Amino acid sequence: MDKKLLDILVCPICKGKLVYKKSEQELICKVDRLAFPIRDGIPVMLEQEARQLAPDEEV
């Protein structure tokens, strides 16, 4: 994932910072507890494509 792209991407819902989880190929929003997938190197920043983080899942 390109560092410059990570610096400008924000959560489409709350406009908050995202955390890149390389092993899961996801961008995590800690505020909304959503994980946005990265498919073929492209972040999918759609709310309906995001998965809700489990209550016990560490961010």
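Just above sits the structure.
Quick look at the structure, then.

Conventions used here
- Residues numbered from 1 in each chain as written.
- Predicted model: local features only at pLDDT ≥ 70, side-chain atom pairs only at ≥ 80, totals over all residues.
- Heavy atoms only, no water.
- Buried < 20%, exposed > 50% of the residue type's maximum accessible area, 1.4 Å probe, protein only.
- Helix = DSSP H or I, 4+ residues; strand = E, 2+ residues; numbered from the N terminus.
- Pairing = 2+ DSSP bridges.

**Re the pairing of strand S3 (residues 34–39)**
Moving on, step 1. Counting buried residues along S3, five of its six residues qualify, which places the element largely inside the surrounding structure.
Moving on, step 2. Relative to S3, strand S2 (residues 26–29) runs antiparallel, the two being bridged by four bridges. Residue pairing across strands places Glu 26 opposite Pro 37, the latter belonging to S3.
Moving on, step 3. The hairpin turn running from S2 into S3, its antiparallel successor, is four residues long, and Arg 33 in that turn takes a positive phi close to 55 degrees.

**Some points on the pairing of S2**
Moving on, step 1. The two faces of S2 match: Glu 26 and Ile 28 on one face and Leu 27 and Cys 29 on the other face are all buried.
Moving on, step 2. Direction of pairing for strand S1 (residues 19–21) relative to S2: antiparallel, over a ladder of three bridges. Across the sheet, the residue bridging to Tyr 20 is Leu 27, located in S2.
Moving on, step 3. Counting the residues that bridge the hairpin from S1 to S2 gives four residues, and of these Gln 25 lies at a positive phi of roughly 55 degrees.

Keep in mind these numbers describe shape, not what the thing actually does.
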